[in-house]
Amino acid sequence: MLIKNISLLAGLNPGGLTRRRGSEMSELPSIAGAWLRIAPDGTVDSYGPMDSLPETSEAEETTDAAGGIVIPAFCDSHSHIVYAGSRHGEFVDKIHGLSYEQIAANGGGILNSADRLHETSEDDLFAQSLERAREVMMKGTACLEIKSGYGLTLPDELKMLRVIARIAQVLPLTVRATFLGAHAVGRAYAGRQGEYVSHIINDMLPAVAAEGLADFVDVFCDRGFFTTDETARIIEAAARYGIRPKIHANELDFSGGVQTGVRHGALSTDHLERIGDEEISLLAQSDTVATMLPGASFFLGMPYGPARRAIDAGATVALASDYNPGSSPSGDMRTVWALGCIKMKLTPEEALNAVTINGAAAMDLGASHGSIAAGRKANLIITRPMQALAQIPYQYTTPWISELIINGKRMMAVCPRAVDIAP
């Protein structure tokens, strides 16, 4: 396939980077007035300015971007889209002033989702979750991490992970599965948190590993959830099966989760609404991606993660959706990009790198996804006609995607272009 008449081809990666760190995040190599060719294997073949447009054969498909911008498709490195039902009742509780922790103490939150999931068959759970996965794909996400963690029993955690595997088989998305049995303490272990941690280590992890269902392990290391010692025990046990860690950290308090994650080589520490100079310095000196979730901050009214300070210190910052039923019921990564600019004071270029190449790095996919370079996955968004990159997060609710290309194949047209509509 050849795409021509691109107003701006942005997110090029001529140096073969697998992430952008610190000041590199402000760099967004681009070509104004460009073409791009996709190889038969679904990777990027070549690109250049329009005055070097190559000849095409009759067998080659040609797409006219008609003045649209082309960027890498989004890489969402933190989501919980496999869940049952809805928690809109808690939405109303929040309007009435209840906090996230108060709702959890009243039997809501994660345990509420676990109860619903337990009562839902695998097929029904798959049908509900597939609809959400398809939705985020058509909004521009081509690479998606999905966590378990609403099961909290061995059978239900396995059910969730099998649903994630089924989604990966059905959709063209690149999917990474994360085992999050340590999302909360299951009801059967109420008051016996230490025993639940042992259950995760001795029973859940071996079963997950035996079926090859998880790429990563995660732990909610925060006040009122799992301690740093418990977190270390779980991720050390997972390492024996070759399963790498990604840590929920510092959402509710200065929990020590960042320190634990960095010490154990976590791919990312996620949330980070409450981190200070010590945590920022550690992240800047490590290869652990600082993943922040502005959708949760927006929905819950919490502080936004200090992405500006982390970038200025030299860290690798990613932004992700945290799509889940309780604290961020949206997987729209264009909105995440916009929140990164509006609320976290990132430039459009920095925020785009955070939702593409650095999101890929947080899933250990930075060598193949999240940027445009020869040999990398041709996962691309073609926008409606636009003159400047900043228009995308600036006009954050205006329909903007003209075409979505995943693995080199055109998905259905998302928005009609003006040139396609008869006068």
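Undergrad: I keep staring at the overall build of the chain and nothing clicks. Help me out?
TA: Looking only at helices and strands, one finds 15 helices and 16 strands in the chain. A globule of 423 residues ought to have a C-alpha radius of gyration of about 22 Å, and the chain, at 21 Å, matches this closely. If you line up the chain on its principal axes, its C-alpha atoms span 70 × 45 × 45 Å. Here the chain, with 423 residues, has 60% of them falling under the buried criterion. Partitioning the intrachain contacts of the chain with sequence separation of at least 6 by distance along the chain shows that 71% fall at a separation of at least 24.

Undergrad: I'm lost on the packing of helix H5 (residues 154-170) against helix H6 (residues 193-211) in this one. Help?
TA: Packed helices, taken two at a time, are described by their axes: the angle between them and the distance between them. Following both chains from N to C, one finds H5 and H6 inclined at 30 degrees, their axes separated by 11 Å at the closest point. For the element pair H5 / H6, the angle class is roughly parallel. Seen along the crossing, H5 lies across H6 with a hand that is right-handed. Listed contacts from H6 to Leu154, Glu157, Leu158, Leu161 and Arg162 of H5 are His199, Asp203, Met204, Ala207, Val208 and Glu211. Of the residues in the contact of H5 with H6, the class split is six nonpolar, one polar and four charged.

Undergrad: What is the right way to look at unusual backbone geometry in this model?
TA: Backbone geometry follows two general trends: most residues other than glycine have a negative phi, and most peptide bonds adopt the trans configuration. One non-glycine residue, Leu152, lies in positive phi territory at about 65 degrees. By the element assignment, Leu152 lies in the loop between strand S7 (141-147) and H5. For His271, which is not glycine, the phi dihedral falls at a positive 95 degrees. Looking at the secondary structure, you find His271 in strand S11 (residues 268-271). Residue class for His271 comes out buried when judged on its relative accessible area of 2%.

Undergrad: Would you take a moment to explain the pattern of salt bridges for this structure?
TA: Where side chains of opposite charge bring their charged atoms close, a pairing between them can arise. Counting across every chain of the model gives 20 salt bridges. When the shortest N-O distance is used, the salt bridge between Arg410 and Glu61 registers 3.0 Å. Of this pair, Arg410 sits in strand S16 (residues 409-410) while Glu61 sits in the loop between strand S3 (44-49) and strand S4 (62-64); the two residues are 349 residues apart in sequence, bridging distant segments of the chain. Put simply, Arg166 and Glu122 hold a salt bridge, and the shortest N to O gap is 3.3 Å. Of the two residues, Arg166 is situated in helix H5 and Glu122 in helix H4 (residues 122-138); the sequence distance between them amounts to 44 residues. The partly exposed category is assigned to Arg166, whose relative accessible area is 24%.

Undergrad: Hey, could you run me through the environment of Ala284 in this one?
TA: Secondary-structure assignment places Ala284 in helix H9 (residues 277-284). Remark: the alpha-carbon pair of Ala284 and Pro72, spanning 212 residues in sequence, is separated by 25 Å. When residues no more than four places from it in sequence are discounted, the contact partners of Ala284 are Arg21, Ala313, Gly314 and Ala315.

Undergrad: Looking at this structure, how should I read the pairing of strand S15 (residues 401-406)?
TA: Across a regular strand the side chains alternate sides, sitting on one face of the sheet and then on the other. With respect to burial, S15 is a largely interior element, six of its six residues being buried. In this sheet, S15 lies alongside strand S14 (residues 380-385) in antiparallel orientation, the contact comprising four bridges. Along S15, the bridge assignment pairs Ile381 with Leu404. Pairing geometry for S15 and S16, over two bridges, is antiparallel. In the strand pairing of S16, Ile405 is matched with Arg410. The loop that links S15 with its antiparallel partner S16 comprises two residues; one of these, Asn407, has a positive phi angle of about 55 degrees.

Undergrad: For this particular structure, what's the right way to read the packing of helix H12 (residues 333-342) against helix H13 (residues 348-355)?
TA: It is at 9 Å that the axes of H12 and H13 come closest, and there the two elements cross at 140 degrees. Taken as axis vectors, H12 and H13 run oblique relative to one another. Note on packing geometry: the crossing formed by H12 with H13 is right-handed. Between H12, through Met333, Val336, Trp337 and Cys341, and H13, the contact on the second element is made entirely by Pro348, Ala351, Leu352 and Val355. Grouping the amino acids of the contact of H12 with H13 by side-chain chemistry returns eight nonpolar, no polar and no charged.

Cut-off values and rules
Residues numbered from 1 in each chain as written. Predicted model: local features only at pLDDT ≥ 70, side-chain atom pairs only at ≥ 80, totals over all residues. Heavy atoms only, no water. Helix = DSSP H or I, 4+ residues; strand = E, 2+ residues; numbered from the N terminus. Rg over C-alpha atoms; globule rule 2.2 N^0.38 Å. Buried < 20%, exposed > 50% of the residue type's maximum accessible area, 1.4 Å probe, protein only. Contact = heavy atoms within 4.5 Å. Axes fitted to C-alpha atoms, helices over the stretch in contact; angles between N-to-C directions. Parallel < 35°, antiparallel > 145°, perpendicular 65-115°, else oblique. Left-handed = near helix turned anticlockwise from the far one by under 90°. Nonpolar A, V, L, I, M, F, W, Y, C, P; charged D, E, K, R; others polar. Salt bridge = Lys/Arg side-chain N within 4 Å of Asp/Glu carboxyl O. Pairing = 2+ DSSP bridges.

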